[in-house]
Amino acid sequence: MPRLGVLTSGGDAPGMNAAIRAVVRTATSYGWEVLGIRHGYAGLIANDVVVLTARDVGGIIQLGGTLLNSARCPEFHDEPVRRRAVDTVRRHQLDGVVIIGGNGSQRGAYDLAQSGVPVVGVASTIDNDVFGTDQSIGVDTALNIALEAVDRLKTTASALQRAFLVEVMGRHCGYLALMTAIAGGADAVVIPEMETDPEQLIADLQAAADRGKAHAMVVVAEGARYNAEQLIDYFHARRDRLGYEIRATILGHVQRGGAPTAFDRLLATRLGAAAVNEIMAGHAAVMVGVRQGEIAATPLDEVVRNVKTLDLRLLDLARRLAT
Ligand code: ADP
């Protein structure tokens, strides 16, 4: 019986469970056996595997986190350590391995593929920084959580004539911050892709106060040159010029928890099934994602060689609407 391995790696993202479920049920529907590898690449190195049947993945489509657990595994950068992972693949006679994870995990997938393992990646990270897909699993849920926080903060900000800095995740990518700013109607946004002058932010806040706005909202990406903590220190030192009392809220890992949205469940289900189809068709060393609404496979070497860029026209849109 052909056998497939599946693992989740790196930062967890809501929808990973839906992807595992789709992988297991698609493969088993074709008569393949599936082995779940626990704790990402660490489990592949340590031979920490468990058989997953179609029944084992019941009741998880609506759950955040990952049934298989995830992990960061810095040792996986080392070739001799990766050879132990290849040994595990050989020991269990795996005909393919599906790697569900973000940018780093896809680099690991590429390295594994270089060692001759048939690997297919599934783009999954709330950061939306993976080349080869318009959107990764988990982004939509994280965005909705950030938005709910912005909406709630706006209510209290209006009551007390305050400004809020809201820091959202995204590592080195400003996608989540920019989308939160646009959908949340923020007055300003701070992202790593654009140079930020804190004095300009003060001017933006002053302008909002002069226009009579009861509150002001600035969305800050965690990877920006000035994060929320640094900006709040800067602003507090110049509070007389601001026009508002200002507070900072760092959303942090709250954005990664909770039930995946309908969008993420559907995306994860489609990508999980597509990954199995790619392996069965003999198309290894690719990553599946969604491009212009269609499921598309991109060679892993292209995924790791390229950097996903942010559409900066969206920044213009955010600025134009912040009046
Ligand atoms: P994410 O996949 O969410 O971006 P990380 O960047 O932490 O998360 O990567 C997850 C894991 O992928 C790392 O802990 C490591 O095991 C593996 N990995 C990351 N980069 C590489 C690389 N250049 N070569 C091999 N493995 C890597």
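Keep in mind it's a predicted model, so treat the numbers as computed, not measured.

Novice: An account of the packing of helix α5 (residues 139-160) against helix α6 (residues 175-184) is needed here, citing residue identities and associated values.
Specialist: Orientation of α5 relative to α6, taken along the N-to-C sense of each, is 45°, at an axis distance of 9 Å. Looking at the two axes, α5 sits oblique to α6. In terms of crossing hand, the pair formed by α5 and α6 is right-handed. Contact with α5, carried on its side by V139, A142, L143, A146, L147, V150 and K154, involves Y175, L176, M179, T180, A183 and G184 of α6 and no other residues of that element. The residue inventory of the contact of α5 with α6, partitioned by class, reads 10 nonpolar, 2 polar and 1 charged.

Novice: I'd like a description of the sheet that holds strand β1 (residues 3-9), backed by residues and values.
Specialist: Strand order across the open sheet formed by 7 strands is β3-β2-β1-β4-β5-β10-β11, with mixed pairing between neighbours. Each end of this open sheet is capped by a strand with a single partner; those strands are β3 (49-52) and β11 (294-299). Ignoring strand direction, the axes of neighbouring strands in this sheet form an average angle of 30°. Bridge analysis of strand β4 (residues 96-101) against strand β5 (residues 119-123) gives 5 bridges, and the strand direction is parallel. Its bridge partner being in β5, I100 is matched across the sheet by V122.

Novice: Any chance you could break down the sheet that holds strand β8 (residues 216-221) for me, citing the residues and the numbers?
Specialist: Strand order in the open sheet made by the 4 strands is β7-β8-β6-β9, with parallel pairing throughout. Strands with a single pairing partner mark the edges of an open sheet, and in this sheet they are β7 (188-190) and β9 (245-250). On average, adjacent strands in this sheet sit at an angle of 20° to one another, irrespective of strand direction. Relative to β9, strand β6 (residues 162-168) runs parallel, the two being bridged by 6 bridges. Paired with A163 across the two strands is I246, which belongs to β9. With respect to the sheet, α5 is in contact with β6, β8 and β9, its orientation differing from that of β6 by roughly 165°.

Novice: If you had to explain the domain arrangement of the chain to someone new, which residues and values would you point to?
Specialist: One frequent convention defines the size of an interface as the accessible area lost when the parts assemble. Splitting the chain by domain gives domain 1 (3-138 + 260-305) and domain 2 (140-256). Taking only C-alpha atoms, the centre of domain 1 and the centre of domain 2 are 34 Å apart. Across the contact, 14 residues belong to domain 1 and 12 residues belong to domain 2. Together, the buried faces of domain 1 and domain 2 total about 1,200 Å²; carbon and sulfur atoms form 49% of this surface. In this structure, the connection of domain 1 to domain 2 is made through 1 salt bridge. Taken together, the links from domain 1 to domain 2 amount to 8 residue pairs in polar contact (both at pLDDT 80 or more). In the side of domain 1 that touches domain 2, the residues fall into 4 nonpolar, 5 polar and 5 charged.

Basis of the calculations
- Residues numbered from 1 in each chain as written.
- Predicted model: local features only at pLDDT ≥ 70, side-chain atom pairs only at ≥ 80, totals over all residues.
- Heavy atoms only, no water.
- Axes fitted to C-alpha atoms, helices over the stretch in contact; angles between N-to-C directions.
- Helix = DSSP H or I, 4+ residues; strand = E, 2+ residues; numbered from the N terminus.
- Parallel < 35°, antiparallel > 145°, perpendicular 65-115°, else oblique.
- Left-handed = near helix turned anticlockwise from the far one by under 90°.
- Contact = heavy atoms within 4.5 Å.
- Nonpolar A, V, L, I, M, F, W, Y, C, P; charged D, E, K, R; others polar.
- Pairing = 2+ DSSP bridges.
- Domains from an automatic or database assignment.
- Buried area = accessible area lost by both parts, 1.4 Å probe.
- Salt bridge = Lys/Arg side-chain N within 4 Å of Asp/Glu carboxyl O.
- Polar contact = N/O pair within 3.5 Å; in protein donor to acceptor, adjacent residues only side chain to side chain.

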